[in-house]
Structure formats: C-alpha cells, structure tokens
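Listed below, chain by chain, are the residues.
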Amino acid sequence: MKDLFSHEHNNEAYKLLKQINHYLEQESKFLPRPRGLDAIESILENDDCVSPKLRDAKVEDLRSLTRFFGCSTETFVLAVNLLDRFLSFMKVRPKHLPCLGMSVFHLAAKAIEEECNVPSEHDLLRISHCKFTVSDLKRMEKIVYEKLNGELKAVTAFHFLHLYHALARYHITEGKEYLILDKLEAQLKACSCRFVFSKAKPSVLALSLLTLEVENLKSVDLFEIILRVQKHSKINHHDLTHWRALVSKCLADYSSPECCKPDNKKLVWIVSRRTARHLQNSYYSVPELPTIPEAGCYSEMGSDDSCEEMSCGESSLSSSPRSDTAEEFFPEDFVHQSKWQNLCYQTPSANSL
C-alpha cells in the first residue's frame, strides 16, 4: 500500500490531502445553526411552522426535481444545505415552504450547473403546481441570498465523499472496481432526506458512508486507509461510530419494503390542459428534422464514430418508456416528445443503494 501521507508536491495523494484540509477548515461556516435545528425538532405536526416531517417531504421533492431536470448530485446536496441553513435561521410557515424549496433548488442549480442546464423560473413554476409567481420566486431567492450572506457555494458531504473516495482508490491496487462512487452518492441522497443528518458534519457523514461500504466489502487495506483518513481529518471515534450507526439504520430502513420513499412510487406530474398547451409551444418542443441518409453519413463524414453518435442521439429520443397516465393531460403528439416523456417515470429501486 502507498504511503497515505506522502508530501511530494507532485503526488496526487498530497493534492487530495491538501484539498481535504482546505474543506475541513471551511465546513463549519456552512453548517446549519444547532439552536435552529433543535427548534425545528421540537415543532409539533399541528404547529404553523415547518416540522422535520415537512422538511423531509420537501427534500424528497428536491430529489425528484434534481432527477427530472437532469441535475447532478452536487446540486441536490447543495440545495438541501441551503434549505437547512435557511430553516435554522428563519422561522418558516408551511405555506411558504414550496416557494422556498424551489428557490434553493434554483440557486443551487445556478451555482453548480452549466448555464444551459439551469431550468428557468417559468419551467419550475409550471412543473411545481405551486401558486406563487416568478416575482415571488425571485424575491424568495433574494431573501435566501441575503440571510446566508451570499455564501451559496457551500462545502458539503458531497465534496468530502469524492475526496475520500479518490484517496482510497489511489492507495489500493486491487478491488478498486468494488468501491463505486455512484452507489455512495445514492446513499448520500437517501441520508439527505432525513432531518437527523442535518446535524452531522459533512466530513463525518461522508466518512461514515465510506466506512460502512468498506465494512461490507471486508477489505483490510481499505479499512486501514479509513483509519488513516479518520486520524488525518481529526474525527472523533465516538462521533464516527455514532453517525455510522445512524447511516446504517437509515439505509436499512430505506431499503425495506415498508418504507414510503420516492424511489418506490411512480412520480406523476399532473398539469392542466392550458399548461400542457404552453409546454407544447415552449422551446422544449423537438423540431421535425429531415432524415439523414445513412449512406451519406459514411461517404461525407468518413467516420464510424460520427455515425455512431447520431445513432445514439436518435435512440435517446425514443428511449423513455411511454406513460399511459400522461395521455390524460397532454395532447397525443405532445406525449411523444421525448423531453416530456419523463413527466411520468419510475425512479430506480432503493435496493440499488
């Protein structure tokens, strides 16, 4: 095994450790206020304030929006961080939560995603079925920005998870293919849907997820790396054990058939006929293009790769399964447009976690 604490400046491990140190110094700035989280935890269901249950439901909505608009896990985790930080500073009524949820999602998307991939305010309102306006959304975004002092690009568990994962893979020669980052990200998203993890430090939560996965893999080399990373990050053994147990319970509950989770139910967006007509005429409409002859592709382009790319593009337009439910709310020709065939989809099973 390679030395974890090699201090050669051209060493990849050294760069990773340096980045970890930087994030460790910054993470406390982006934590929700503990007193605010305690206040939310004490709220009863019939109180006119956002309770942990309402918060979790809104985070599940954010997860669905992230998947619908094709945003990254980093965007989702940042949106949750912004939501929790704002809720820990401000007392929010349930009727304002939908607008707040859309605001933090839009702010996170603008901070992380490419500009061309950021959904517009109008698209967010159309898909959300909320009663607020674009002006309300912009006003809420301004309030969030000001209350968080403009610090939107937060250090989250997503960053530590990627760094710890990269460091672990760098120091092992065998079994790299079993330490799957996508699986760890899916587990992080599941934990983010539980209010209790709002109180966890990002570094501790990320290491808890990695520790649990290493224990399942039963890799001695990886476990040694985890111990060294724990020591380097100055994470208390009691804290790591505590949060690892909570992560294990969360993932076990999430995988159980009794758990009501978004991954186990069909997500259906219902819109009015008027909204459907507006969507049909939006820029998401797929124009009808003339068919490109295959022979012309080979002769003019002279490249198999170019033709393969076009083929992949065509298959992606029809790869989404047709939804019977959507036909009740969309015109027939609109239903066949691939971008909006995702309006009704079956999210992956949580067993993949």
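Residues numbered from 1 in each chain as written. Predicted model: local features only at pLDDT ≥ 70, side-chain atom pairs only at ≥ 80, totals over all residues. Heavy atoms only, no water.

A. Here's a closer look at unusual backbone geometry. Within the chain, N149 stands out as a residue other than glycine whose phi angle is a positive 60 degrees. Tracing the chain through its elements places N149 in the loop between helix 7 (134-147) and helix 8 (157-170). Taking relative accessible area as the criterion, N149 reaches 65% and is therefore assigned exposed. (Helix = DSSP H or I, 4+ residues; strand = E, 2+ residues; numbered from the N terminus. Buried < 20%, exposed > 50% of the residue type's maximum accessible area, 1.4 Å probe, protein only.)

B. Up close: the nonpolar core. Ranked by internal contacts, the top residues of the largest apolar core, which has 83 residues, are L100 and Y164. Setting aside chain neighbours within four positions, we find Y164 in contact with I20, S203, A206, L207, L210, V229, S233 and I235. (Core = buried A, V, L, I, M, F, W, Y, C linked by side-chain atoms within 4.5 Å. Contact = heavy atoms within 4.5 Å.)

C. Focus on the state of the cysteines. If you walk through the whole model with that rule in mind, you get zero disulfides. A disulfide-free cysteine, C250 has its sulfur positioned 4.1 Å from the sulfur of C191, the nearest such atom. (Disulfide = S-S within 2.5 Å.)

D. Geometry of the packing of aromatic side chains. Scanning all chains against the criterion turns up five aromatic pairs. Geometrically, the ring pair formed by F160 and Y164 is tilted, given 5.9 Å between the ring centres and 40 degrees between the ring planes. In this pair, F160 and Y164 both sit in helix 8, four residues apart, roughly one turn of the helix. Judged by its relative accessible area of 1%, Y164 is buried. For the pair F197 and W243, a centre-to-centre distance of 6.0 Å together with 45 degrees between the ring planes defines the contact as tilted. (Phe/Tyr/Trp six-rings, centres within 6.5 Å; stacked < 30°, edge-to-face > 60°.)

E. Representation of the confidence of the model for the protein within the structure. With 69% of its residues at a pLDDT of 70 or more, the protein shows a mean pLDDT of 78. Low confidence marks residues 296-353, where pLDDT is under 50. Its contacts with residues over four positions away, or in another chain, come to 92 contacts. (pLDDT = per-residue confidence, 0-100.)

F. Geometry of the pattern of salt bridges. For the structure on display, the rule yields 15 salt bridges. Taking the shortest distance from any N to any O, the salt bridge between R93 and D48 comes out at 3.6 Å. Here R93, found in the loop between helix 4 (73-89) and helix 5 (97-112), pairs with D48, found in the loop between helix 2 (34-41) and helix 3 (52-68); they are 45 residues apart in sequence, far enough to count as distant. For D48, a relative accessible area of 47% gives the class partly exposed. Ionic contacts of the salt-bridge type, sharing partners, join the residues D38, E41 and K199 into one network. (Salt bridge = Lys/Arg side-chain N within 4 Å of Asp/Glu carboxyl O.)

G. Expanded view of the environment of L161. Counting through the fold element by element, L161 comes out in helix 8. The buried category is assigned to L161, whose relative accessible area is 0%. It is 8.1 Å that separates the C-alpha atoms of L161 and L209, two residues lying 48 residues apart in sequence. With residues near it in sequence (within four places) discarded, L161 still touches L181, L184, E185, L188, A206 and L209.

H. Region of the structure containing the environment of L240. Tracing the chain through its elements places L240 in helix 12 (residues 237-255). Taking relative accessible area as the criterion, L240 reaches 6% and is therefore assigned buried. The spacing of L240 and L207 is 33 residues in sequence and 7.6 Å in space, taken between C-alpha atoms. Setting aside residues up to four positions removed in sequence, L240 forms contacts with V204, L207, S208, T211, Q230 and I235.

I. Spatial organisation of the packing of helix 8 against helix 10 (residues 202-217). Closest axis-to-axis distance for the helix 8/helix 10 pair is 8 Å, and the angle between their directions is 45 degrees. Here helix 8 lies oblique to helix 10, going by the angle between them. Relative to helix 10, helix 8 is oriented so that their crossing is right-handed. Contact residues: helix 8 offers A157, F160, L161, Y164 and H165, while helix 10 offers P202, S203, L205, A206, L207, L209 and L210. Here the residues of the contact of helix 8 with helix 10 are counted per class, giving ten nonpolar, two polar and no charged. (Axes fitted to C-alpha atoms, helices over the stretch in contact; angles between N-to-C directions. Parallel < 35°, antiparallel > 145°, perpendicular 65-115°, else oblique. Left-handed = near helix turned anticlockwise from the far one by under 90°. Nonpolar A, V, L, I, M, F, W, Y, C, P; charged D, E, K, R; others polar.)

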